[in-house]
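# Summary of structural features
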Amino acid sequence: MSRVYNFSAGPAVLPEEVLREAADEMLDYRGTGMSVMEMSHRSKAYETIIKEAEADIRELMNIPDNYKVLFLQGGASQQFAMIPMNLMKNRKAAYIVTGQWAKKAFQEAKLYGEAVEVASSADKTFSYIPDCSDLDIPEDADYVYICENNTIYGTKFWKLPNTKGHTLVADVSSCFLSEPVDVTKYGVIYGGVQKNIGPAGVVIVIIREDLITEDVLPGTPTMLRYKIHADNGSLYNTPPAYGIYICGKVFKWIKKMGGLQAMKERNEKKAKILYDFLDESRLFRGTVRREDRSLMNVPFVTGSEELDAKFVKEAKEAGFENLKGHRTVGGMRASIYNAMPIEGVEKLVEFMKKFEAENA
Ligand SMILES: *Cc1c(COP(=O)(O)O)cnc(C)c1O
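Residues numbered from 1 in each chain as written. Predicted model: local features only at pLDDT ≥ 70, side-chain atom pairs only at ≥ 80, totals over all residues. Heavy atoms only, no water.

Turning our attention to the overall build of the protein chain. Looking only at helices and strands, the protein chain features nine helices and 14 strands. Computed over C-alpha atoms, the radius of gyration of the protein chain comes to 21 Å, within 12% of the 21 Å expected from 2.2 N^0.38 for 360 residues, which places it in the range of a compact globule. By principal-axis analysis of the C-alpha atoms, the protein chain measures approximately 65 × 60 × 30 Å. Across the 360 residues that make up the protein chain, the buried fraction comes to 57%. When contacts within the protein chain are restricted to residue pairs at least 6 apart in sequence, those whose partners lie at least 24 apart make up 68%. Counting every atom, the protein chain has about 15800 Å² of accessible surface; 48% of that belongs to carbon and sulfur. The averaged location of the 50 negative side-chain charges in the protein chain is 2 Å from the averaged location of its 46 positive side-chain charges. (Helix = DSSP H or I, 4+ residues; strand = E, 2+ residues; numbered from the N terminus. Rg over C-alpha atoms; globule rule 2.2 N^0.38 Å. Buried < 20%, exposed > 50% of the residue type's maximum accessible area, 1.4 Å probe, protein only. Contact = heavy atoms within 4.5 Å. Areas by Shrake-Rupley, 256 points an atom, 1.4 Å probe, with all protein chains shown as cover. Lys, Arg positive; Asp, Glu negative; His and termini not counted. Charge placed at Lys NZ, Arg CZ, Asp CG, Glu CD.)

Another aspect to go through is the sheet that holds strand S4 (residues 114-120). Read from one edge to the other, the open sheet built from seven strands follows the order S2-S10-S9-S8-S5-S3-S4, with strand pairing classed as mixed. The open sheet terminates on both sides in strands that have one partner only, identified here as strand S2 (67-73) and S4. When strand polarity is set aside, the average angle formed by the axes of neighbouring strands in this sheet is 20 degrees. In terms of strand pairing, strand S3 (residues 92-97) meets S4 through six bridges, oriented parallel. Looking at S4, one finds that Ala94 is bridged to Val116. (Pairing = 2+ DSSP bridges. Axes fitted to C-alpha atoms, helices over the stretch in contact; angles between N-to-C directions.)

In this section: the nonpolar core. Membership of the largest hydrophobic core comes to 89 residues, with the highest contact counts inside it found for Met61, Leu177, Ile204, Ile206, Phe251, Phe284 and Phe311. Of all the elements, helix H6 (residues 241-257) adds the most residues to this core, at 10 residues. Taken domain by domain, this core gets at least three of its residues from each of domain 1 (5-15 + 259-359) and domain 2 (17-256). Contacts of Leu177, omitting those with residues within four sequence positions, involve Ile57, Leu60, Met61, Ile197, Phe251, Ile254, Leu260, Met263 and Asn338. (Core = buried A, V, L, I, M, F, W, Y, C linked by side-chain atoms within 4.5 Å. Domains from an automatic or database assignment.)

Let us now look at the domain arrangement of the protein chain. Segmenting the protein chain into domains produces domain 1 (5-15 + 259-359) and domain 2 (17-256). If you average the C-alpha positions of domain 1 and of domain 2, the two centres end up 26 Å apart. Between domain 1 and domain 2, the residue contacts involve 31 residues of the former and 36 residues of the latter. Here domain 1 meets domain 2 over a buried area of about 2700 Å², counting both sides, of which 61% is carbon and sulfur. Looking only at domain 1, the three residues that lose the most surface to domain 2 are Leu14, Pro15 and Leu260, adding up to 27% of its buried area. At the junction of domain 1 and domain 2, the tally comes to zero salt bridges. (Buried area = accessible area lost by both parts, 1.4 Å probe. Salt bridge = Lys/Arg side-chain N within 4 Å of Asp/Glu carboxyl O.)

Once that is clear, we can look at the site of the ligand. Near the ligand you find Gly75, Ala76, Ser77, Phe80, Trp101, Cys147, Asn149, Thr151, Asp171, Ser173, Gln194 and Lys195, and these make up its full shell. Asp171 is positioned with one of its side-chain polar atoms (N or O) 2.6 Å from a nitrogen atom of the ligand. Separating an oxygen atom of the ligand from a side-chain N or O atom of Lys195 is a distance of 2.5 Å. Within the complex, the protein chains bury 88% of what would otherwise be the 390 Å² of accessible surface of the ligand. Element by element, the count of residues in the shell around the ligand is highest for helix H3 (residues 75-87), at four residues. (Near = heavy atom within 4 Å. Polar contact = N/O pair within 3.5 Å; in protein donor to acceptor, adjacent residues only side chain to side chain.)

The final tally for this structure, using the stated rule, is 32 salt bridges. In this structure, Arg20 and Glu16 form a salt bridge, with 2.8 Å as the shortest nitrogen-oxygen distance. Pair noted here: Arg20 and Glu16 are both in helix H1 (residues 16-24), with a separation of four residues, about one helical turn. Assessed through its relative accessible area of 46%, Arg20 is described here as partly exposed. Its relative accessible area of 37% is what places Glu16 among the partly exposed residues. Here the salt bridges do not stand alone but share partners, grouping Glu52, Asp56, Glu59, Lys252 and Lys255 into one network.

Attention now goes to the packing of aromatic side chains. All told, the structure shown has 16 aromatic pairs when counted by the stated rule. With 5.8 Å between their ring centres and 80 degrees between their planes, Phe284 and Phe300 make a pair best called edge-to-face. Of this pair, Phe284 sits in the loop between helix H7 (259-280) and strand S11 (285-286) while Phe300 sits in strand S12 (residues 297-301), placing them 16 residues apart in sequence. With relative accessibility at 2%, the residue Phe284 sits in the buried group. Connected via pairs of aromatic rings, a cluster forms that spans Tyr5, Phe7, Phe277, Phe284, Phe300, Phe311, Phe320, Phe351 and Phe355. Between the NZ or CZ atom of Lys156 and the centre of the ring of Trp158, over which it lies, the distance is 3.9 Å. (Phe/Tyr/Trp six-rings, centres within 6.5 Å; stacked < 30°, edge-to-face > 60°. Lys NZ or Arg CZ within 6 Å of the ring centre and 35° of its normal.)

Moving on, we come to the side chain of Ser234. Structurally, Ser234 is set in the loop between helix H5 (226-231) and H6. Using a relative accessible area of 4% as the deciding quantity, one classes Ser234 as buried. A distance of 2.9 Å separates a polar side-chain atom of Ser234 from the backbone nitrogen of Phe71. Once residues lying within four places of it in the same chain are set aside, the contact partners of Ser234 are Ile50, Val69, Leu70, Phe71, His229 and Pro239.

What the three strands build is an open sheet, ordered S11-S12-S14; its pairing is antiparallel. Whereas interior strands pair on both sides, the edge strands pair on one side only; in this sheet they are S11 and strand S14 (332-335). As defined by bridge partners, S12 adjoins S14 across four bridges and the pair is classed as antiparallel. Paired with Val298 across the strands is Ala334, a residue of S14. Along the sheet, H7 contacts S11, S12 and S14; its crossing angle with S12, the most-contacted strand, is approximately 20 degrees.

Structure representation (structure tokens):
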């Protein structure tokens, strides 16, 4: 068996330890004689799995008691609709468009009410985070929406927008559990888990209780109401049971690694190795404004499409997978989530140096 360094933006690398543990438990989960995939979601064993998962993410993120943690399905994209359906009481919301995922959420919200674009960085291919200190937010907007870490473009909100008292809703898919977070600053924090936490399909929604009401847009399907899932402890119907089990293992791995502060320090260290090299390289350069750089997704280019393609190909041959940039932006992108070991980034930079010497 040989594992590659997987720089995929998602589904992405998971801690090897977690995968090994899951493999050990595959045929007989702790004496139950069955796999977690095969067991009732109403069983004692599964109840323990989902309860522990919730308790562990609460502990990691220091989630206050007046927030619910929901394990749902449909990925992050399902939330693009669920958020307006549940939160648009005045049928109006403000969107900050910093990339494709924010744009998709913005466009989806338009199906349900008046979605107002209050800031955008489209003018420079989303390579920066706009100044959000004094936005023109409609008085009656139900919420302000951001995509906190822009997976495709490699930007991150290092300062949250001034929402002027409005509820903040954030898609944190690609920076989930990468650093400590002050949950009280948000009304809703949500993310698809396949970037930093677990298998695709599961989406975790952390939502302040007062935002969970019966008062949703007419026609909102039962399955898309936060209240039904909150009232049923994420077990209204069969949840993505196996995915949640893996998420739970990743939470325990992060706890063992020292929690979110330790993750942040480790992530900063990893990203610095790559950014420092990009800043001094004669061949490669990063594409994002320095102060807005993500610790998770690092896009870079050589300036020549031909060399970019050559790099991606040779990197793959050397065991560095999925370095091709998103199809809409080209170039390269190294996603260096929590589970990417420091050696992975060190070895990538070594390889880039060698490629530079041969090609610059
Ligand atoms: C990947 C991603 C999504 C889409 O996630 P799905 O689970 O495929 O719907 C949404 N937002 C961000 C920031 C992402 O990185």
